[in-house]
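# Coordinate inspection notes
Each chain, written out:
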Amino acid sequence: MHKRMLLIAILFVFTLLAIVPMAAAQDDVQFVSFMTTFGGSELEGLRHSLDEFTAQTGIQVIIESNRQLVPILRTRLAGGSPPDVALIPQPGTLAEFARAGYLIPLVNADGSAGLVDAAVVSDNYSPAIADLGVVDGVTYGILAKANSKSTMWYSPASFAELGVEPPTTWDELLAIQQAYLDAGLTPWSIGGSDSWTLTDWFENIYVRQNGPEKYLQLFATHEVAWTDPSVVAALEAFQQIVDPADTNLAGGVEGTLSTDFITAANMVFRPDNEAEMYYEGGFMGGIISSNFPELTPIDDFNAFLFPPFSEDMGAPVVGGGDLLAVFSDRPEVAQLVEWMASTEGNTLWATAPAGAVVSPNMNVDLGVYSPLAAIDAGQVAGASAFVFDGSDLMPPAASEGFGIALQEFIANPGDIESILQDLEDTAAASYSS
Amino acid sequence: MSRKNLLGWAFVFPAVILITAFLIYPTIRTIQLSFDTGLGFTTSEYVGLDNYTNLFTRDRLFFDIDQFPPRGAVFNTIVWLGLFTAGTVGIGLVVAVLANSVRYEVLIKTIIFIPMAISFTAAGIIWRFVYSPDEKTGILNAILVGLIPSTDPIPWLGRTDIVNVALIIAGIWIWTGFCMVILSAALKGLPPEVIEAAHVDGANSWQVFWSITIPMLLPTLAVITTTMVINVLKAFDIVYIMTAGGPRGASRIIGFTMYWETFQNGKPGYGSAVAVIMLLLMLPFVIINIRRYRTGEQGT
């Protein structure tokens, strides 16, 4: 008898459990589904901002997190059930989805409101950043977070000893290099066994000499061939840094090509340093900090913007980031997009206790960042132009050839012509397939 | 008679439906997509043999014979076929034979078999830790740096010349237990009289192993070898979890290329062409295995 009572009680509880959420769901709560690659603390950072959105609007944001976002998104799109919004890490994929008709226009080509008013974008982002979400004139995406890969790291004490200031032009950089050589010191350390450090060097030089448009024609569409004079000129500029390797690079050719990017940075900042300057992205700040806890950021190691070649081309920032793309046009989705673009939403995200990001929103006060993140944030938000890492814009086979070609260039800087011809052959084959 | 026929059809009907829906239709559809761009997973634009010719003439990450040794997913798969099959079957056989004659047989076999009980995803993650370039995380580099303090840790999964062997070792670790168990069971099923007779005739253990044990295990060895070959041809999980085909495509294998081109690069037609090639490569081994099962059934 007791058993039967117990059974009925259990059934009752289960029925209640089933009914209560149903009742809640009917209670006019609005949901927006949000797909991202973020996990761990990155996700906590995003939640920190979205929780406030939910508190203010009552709209629940359901985050689906998956490292393999693009494959899953493609399957969901083919099946007709995409999420409401997604953070897409590649601009090429955004453009592809936009042209396939999957995305909701945020702002139309004539500047009229799509899902949101044009001001939502123009009030919060510099034209350089806003441009990244534009496909064929229509705004389909908003750069939600970004990082700079245009930071040159140096030791302020070493600069002071040499009597130089951070350079603001390429020629000033070469002058500092010469001053180090004259002082009998090795100016550079490059982690060339990770060939992407070399491709990053080249990308920064190329975009500074030729501007973002031609940069995309070289990397993304291959309208500019690798044998183009502009490529030769960029490599010749890079040659000013790496040749002769014996005096300019720590470890010479062999040392450079067998050193990874972290060791190369360590060579500049360890006590008996073997080199004075190091170029790689803003993320190096965190790596240097954790490798050398005794060093104080800004005072003991600092970064300057990869210097420009000419005033009219300026110093575009090369970097990476995630673009917010929208798949459904409900009003609550529009509210979420407005929040993701807002200064308040971005400031919360940039100041999250864990997983804080560098926000491309130009109204986020640089003072909210840690000193290291502020370097990155200042470069991103103030960029005259922002381009994604070129090697990520290339088909994988061409990207591989690009890295190998630059390693060969380090070894044989005199063979620019034949190296570029080989690379062009590889590229020509992989872009067309 | 006709009623008996009808009953027969009624019995196979559910199986026919299932096989048609989940095997025959998808195969035909994949072949169809392989002659198409396949954009959006629909037949959108017929491209003839373009996908196949591009795979073999333009895709350096799939098939590259311009340099020596040749590279690409096809040749990585060949390296896998050689090393992985030899490793799993060879080590499995050695362990099965050696364990057969010691007291702690169950313990040894359990330890070797444990990886089979872990999901392949988890096994991949475990090996990613083992190979970590940070010597505080990666046990291999910890040992290396511990023994020879002057060396730098080796990024096992980051170097194009090491990555494939590193992945294959992880694969062998997972699958050796399976081969060992099957071979061990076969070993126990061998008639002891033959082996005793050989010993009585003065054969030493080595001779018994090569002239008696191996020949009698041959049918089993053939079955697990073909099973391992099929395993390699369809392998995907280890590469996906540990390297995602990197660095720079150097550890791609055929199964991985199919997934990556279809879902990551959004070219279902191209990926389907890879799938069809996989199917053609696998077919002979599947047929061999089925034949062996059939003759086995007739024998009993």
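Residues numbered from 1 in each chain as written. Chains lettered and ligands numbered in written order. Predicted model: local features only at pLDDT ≥ 70, side-chain atom pairs only at ≥ 80, totals over all residues. Heavy atoms only, no water.

This part takes up the overall build of chain A. Secondary structure summary: chain A contains 20 helices and 12 strands in total. When the backbone C-alpha atoms are referred to their principal axes, chain A occupies close to 95 × 50 × 45 Å. Counting only residues that meet the buried cut, chain A has 53% of its 433 residues in that class. Across chain A, the fraction of contacts at a sequence separation of at least 24, relative to all contacts at a separation of at least 6, is 74%. For chain A, the accessible surface area stands at approximately 18000 Å², while carbon and sulfur atoms represent 55% of it. (Helix = DSSP H or I, 4+ residues; strand = E, 2+ residues; numbered from the N terminus. Buried < 20%, exposed > 50% of the residue type's maximum accessible area, 1.4 Å probe, protein only. Contact = heavy atoms within 4.5 Å. Areas by Shrake-Rupley, 256 points an atom, 1.4 Å probe, with all protein chains shown as cover.)

What follows deals with the sheet that holds strand 8 (residues 188–189) of chain A. All names here are of chain A. Ordered by their spatial adjacency, 4 strands build an open sheet running 8-9-7-10, and the pairing between neighbours is mixed. Taken across any chain shown, the strands that pair with only one partner, and hence form the sheet edges, are strand 8 and strand 10 (302–305). Bridge count for strand 7 (residues 151–154) against strand 10 is 4 bridges, and the pairing is antiparallel. Each bridged residue has a counterpart across the sheet, and for Y154 the counterpart in strand 10 is N302. Its contacts with the sheet place helix 13 (residues 261–269) against strand 7, strand 8 and strand 9 (277–279), and it is angled at close to 155° to strand 9. (Pairing = 2+ DSSP bridges. Axes fitted to C-alpha atoms, helices over the stretch in contact; angles between N-to-C directions.)

Residues and elements named next belong to chain A. On the surface, a cluster of negative charge is made up of E408, D415, D422 and D425. If you trace the backbone, D422 turns up in helix 20 (residues 416–432). A relative accessible area of 48% places D422 in the partly exposed class. (Patch = residues over 30% accessible without salt bridge, like charges linked within 9 Å, V, L, I, M, F, W, Y side chains within 5 Å. Salt bridge = Lys/Arg side-chain N within 4 Å of Asp/Glu carboxyl O. Lys, Arg positive; Asp, Glu negative; His and termini not counted. Charge placed at Lys NZ, Arg CZ, Asp CG, Glu CD.)

Contact residues are listed per partner, giving 20 residues for chain A and 18 residues for chain B. Summed over both sides, the interface between chain A and chain B buries roughly 1700 Å², with carbon and sulfur atoms accounting for 49% of that surface. Here chain A is connected to chain B by 0 salt bridges. Counting only elements with at least two residues in the side of chain A that touches chain B, the list comes to helix 3 (69–78), helix 9 (195–219), helix 19 (396–411) and helix 20 of chain A. Broken down by element, the residue count for the side of chain A that touches chain B peaks at 6 residues, all from helix 19 of chain A. (Buried area = accessible area lost by both parts, 1.4 Å probe.)

Moving on, we get to the pairing of strand 7 of chain A. All names here are of chain A. Neither face of strand 7 is left uncovered, since the one carrying T151 and W153 and the one carrying M152 and Y154 both have all their residues buried. Across 3 bridges, strand 7 lies against strand 9 in antiparallel orientation. Pairing of W153 across the sheet is with Y278, part of strand 9.

Okay, the nonpolar core next. Within the largest apolar cluster, 117 residues are counted, with the highest numbers of intra-cluster contacts made by F34, W201, F202, W226 and F238 of chain A. Other than its neighbours up to four places away in sequence, W226 of chain A contacts F202, L218, F219, V231, M394, F402, L420, L423, E424 and A427 of chain A. V89, F209, M228 and I238 of chain B belong to the second-largest nonpolar core, a separate cluster that totals 43 residues. (Core = buried A, V, L, I, M, F, W, Y, C linked by side-chain atoms within 4.5 Å.)

Here the structure, examined in full by the defined rule, presents 50 aromatic pairs over all chains. Arranged with centres 6.4 Å apart and planes meeting at 50°, the rings of Y259 of chain B and W260 of chain B form a pair that is tilted. The exposure class of Y259 of chain B is buried, given its relative accessible area of 16%. A network of ring pairs unites the aromatic residues W170, W188, W201, F238, Y279, F306, F309 and F409 of chain A as a single cluster. (Phe/Tyr/Trp six-rings, centres within 6.5 Å; stacked < 30°, edge-to-face > 60°.)

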